[in-house]
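Each chain, letter by letter, is given below.
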Amino acid sequence: IVRSGAELPLVNHARPAPAASVVTAERLATLTPDIRVRLKDAAVRGSVQDASRTIGEIRVLDPALAEGLEQLVASLALDELLKLVERADEKGTV
């Protein structure tokens, strides 16, 4: 129930957090195909838990990328994550 004059918080899923700008298809393309497959699968299924688990592995390889991915997942921008991983797959593999 919203009372007159009460404001609802605004959520903008179209604009990712600033640190997410390090998440690019080019940077994701440097990850192994296995990691990209698991990220893509988590995004398709909407599994924040599986995405977070895979991001934990990425943290060892690229901490800044992992931080940006965490922000995408935290803002529930899994559709954006999926698009980026698909573009990374087109760019090639390690």
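Summary of the structure given here. (Residues numbered from 1 in each chain as written. Predicted model: local features only at pLDDT ≥ 70, side-chain atom pairs only at ≥ 80, totals over all residues. Heavy atoms only, no water.)

## Quick word on the pattern of salt bridges
Across all of its chains, the model carries 10 salt bridges by this definition. Taking the shortest distance from any N to any O, the salt bridge between Asp41 and Arg45 comes out at 2.9 Å. Of this pair, Asp41 and Arg45 both sit in helix α2 (residues 33–45), separated by four residues, roughly a single helical turn. Judged by relative accessible area, Asp41 falls into the partly exposed class, the value being 37%. (Salt bridge = Lys/Arg side-chain N within 4 Å of Asp/Glu carboxyl O. Helix = DSSP H or I, 4+ residues; strand = E, 2+ residues; numbered from the N terminus. Buried < 20%, exposed > 50% of the residue type's maximum accessible area, 1.4 Å probe, protein only.)

## A look at helix α5 (residues 78–91)
If you check α5, its first and last C-alpha atoms are 20 Å apart, about what 14 residues at 1.5 Å a residue would give, namely 20 Å. Looking at α5, one finds that the buried residues are Leu78, Leu81, Leu82, Leu84, Val85 and Ala88. Taken down its axis, α5 places every buried residue within 165° of arc, on the same side. Facing away from the buried side of α5 by more than 90 degrees, the exposed set consists of Asp79 and Glu90. For α5, the secondary structure elements touched by its buried residues are α1 (25–28), α2, α3 (48–61) and α4 (63–74). The first or second residue beyond α5 is Gly92, which carries a positive phi of 130°. (Expected span 1.5 Å × (residues − 1). Arc of directions from axis to C-beta. Contact = heavy atoms within 4.5 Å.)

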